[in-house]
Amino acid sequence: MYSSIFCGITTDPAAMVIPMDDHMVHRGHGVFDTTAIMDGYLYDLDQHLDRFLRSASMAKINPPFDRGSIRRILIQTVSASKCRNGSLRYWLSAGPGDFELSSCHQSALYAIVIQDLSLLNIRGVKVVTSSVPIKPPQFAAIKSVNYLPNVLSKMEAEEVGAFAGIWLDSDGFVAEGPSMNLAFVSEENELIMPQCDKILSGCTAKRVLTLAECLVREGKLQGIRMKNVTVKEGKKANEMMLLGSGILVRPVVQWDEQIIGDGNEGPITQALLNLIVEDMKSALPTIGIPVPY
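Here we summarise the structure given alongside this text. (Residues numbered from 1 in each chain as written. Predicted model: local features only at pLDDT ≥ 70, side-chain atom pairs only at ≥ 80, totals over all residues. Heavy atoms only, no water.)

Let's shift gears to the layout of surface pockets. Considering only enclosed or pocket space, the largest pocket measures out at about 1,200 Å³ in volume. In this structure, the largest pocket is lined by 50 residues; those nearest its centre are G244, S245, G246, I247 and L248. Residue contributions to the lining of the largest pocket peak at six residues, all from strand β3 (residues 30–38). Residue composition of the lining of the largest pocket, grouped by class: 23 nonpolar, 19 polar and eight charged. Of the volumes computed, that of the second largest pocket is approximately 270 Å³. (1 Å grid on protein atoms, 1.4 Å probe; cavity = no way out; pocket = protein on both sides within 12 Å on 5 of 7 lines; lining within 4 Å. Points joined across faces, edges and corners; volume = space filled by probe spheres on them. Helix = DSSP H or I, 4+ residues; strand = E, 2+ residues; numbered from the N terminus. Nonpolar A, V, L, I, M, F, W, Y, C, P; charged D, E, K, R; others polar.)

Okay, here's the thing in C-alpha cells:
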C-alpha cells in the first residue's frame with residue numbers, strides 16, 4: 001500500500017490504514033480507479049489515470065502531486081508488492097483534517113495492490129432490473145467512493161439469485177450495471193452499446209469497442225453503434241454482456257424472466273472476451289506498462 005499521509009509504501013498489512021478524519025471515510029469525498037495487473041504489466045494505466053484525474057477535478061479535489069508523479073508512485077507500489085497478476089486500486093481523497101464538510105488542508109493519495117489467483121469465469125449469468133434509483137448524471141459520471149446505490153443494487157440482485165442489477169436512466173433507456181457497462185448484439189448482428197452521456201464511461205468498454213472492429217472486418221459483426229437502447233430491444237437481443245475491469249466480458253443469458261438469445265453464452269461475447277484477454281497479454285507499448293520488479 002502507498003499512502004501520501006505516511007509518505008511511502010508499506011508491505012505490512014497492519015500499517016495499511018486510513019485516518020478516521022479523512023473526508024473520504026466520513027463524508028465520502030473521494031474518487032478512485034482500478035487498473036489490472038497481467039503477467040507483470042499494468043493494463044491501460046494511462047486511460048484509467050486520465051479518468052481518475054478527471055473524476056478528481058469534477059469532485060473538486062486538487063491532487064497532492066502532478067500526473068507524472070502519481071503515475072510513478074503507482075508503478076512503484078506494484079513493484080514493491082511483487083504481484084504479477086491482480087489489480088491496482090487507487091484513491092484521491094479530500095484528505096484528513098476534521099469532521100466537518102469541507103475543512104481539509106491537503107488532499108491524499110492512496111493505492112493498494114490486490115493479488116488475484118482466481119480463474120476467469122465465463123459462465124453466463126442472470127441479471128434483473130434494479131429498483132434502486134440510478135445516480136443523477138452529474139454524480140454517475142464521477143467515479144467516486146459514494147457507492148451505496150451500487151451496493152444496494154448488487155445486493156438486491158443477489159437476494160433473488162441474480163448476478164447484478166440493471167439500471168435504467170430517467171427516460172427508461174438501458175443505462176449500466178452497478179460496476180459495469182452493458183453491450184448487446186442486436187438481431188441485425190450489430191454490437192450496440194448504450195450512450196454514456198448519463199453514466200460512467202468505462203475504460204474496458206471503450207477498449208472492447210476498439211477491439212470489436214476486427215470482428216466487423218472479419219464479417220462476424222455487421223457494425224458497431226452507440227445508441228439509446230430500450231428494455232424491449234435489450235431483452236430481444238441475440239446476446240447481452242457485462243463489461244468491466246473486474247469481469248472483463250461476462251455473458252448474460254437471462255434478464256428478469258426473459259431468456260437472452262438461445263440461453264447460452266454467445267459467440268460474439270466469447271470472441272470479445274478472447275480479444276481483450278489477448279490484448280492484455282500482448283504487452284503492447286501503448287497498452288501495457290512493464291512493472292520494474
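From this point, things continue past the structure.
According to the stated counting rule, one finds zero disulfides in the structure shown. Here C83 stays free of any disulfide, with the sulfur of C203 as its closest cysteine sulfur at 19 Å. What makes C83 buried here is its relative accessible area of 4%. In this model C203 remains outside any disulfide bridge; the closest cysteine sulfur is found in C196, 11 Å from its own. (Disulfide = S-S within 2.5 Å. Buried < 20%, exposed > 50% of the residue type's maximum accessible area, 1.4 Å probe, protein only.)

For the structure on display, the rule yields 12 salt bridges. With its nearest N and O atoms 2.6 Å apart, the salt bridge here joins D171 to K198. Here D171 is found in the loop between β8 (164–168) and β9 (174–176), whereas its partner K198 is found in the loop between β11 (190–193) and α6 (203–211), with 27 residues between them in sequence. Exposure remark for D171: the relative accessible area of 53% places this residue in the exposed category. Sharing partners across several salt bridges, the network here consists of D46, D50, R67 and R71. (Salt bridge = Lys/Arg side-chain N within 4 Å of Asp/Glu carboxyl O.)

Closest axis-to-axis distance for the helix α2 (residues 45–58)/helix α3 (residues 67–81) pair is 11 Å, and the angle between their directions is 125 degrees. In terms of their interaxial angle, α2 and α3 are classed as oblique. Here the hand of the crossing between α2 and α3 comes out right-handed. Along the contact surface, α2 presents L45, D46, L49, D50 and L53, while α3 presents R67, I70, R71, L74 and I75. A class-by-class count of the residues in the contact of α2 with α3 yields six nonpolar, no polar and four charged. (Axes fitted to C-alpha atoms, helices over the stretch in contact; angles between N-to-C directions. Parallel < 35°, antiparallel > 145°, perpendicular 65-115°, else oblique. Left-handed = near helix turned anticlockwise from the far one by under 90°. Contact = heavy atoms within 4.5 Å.)

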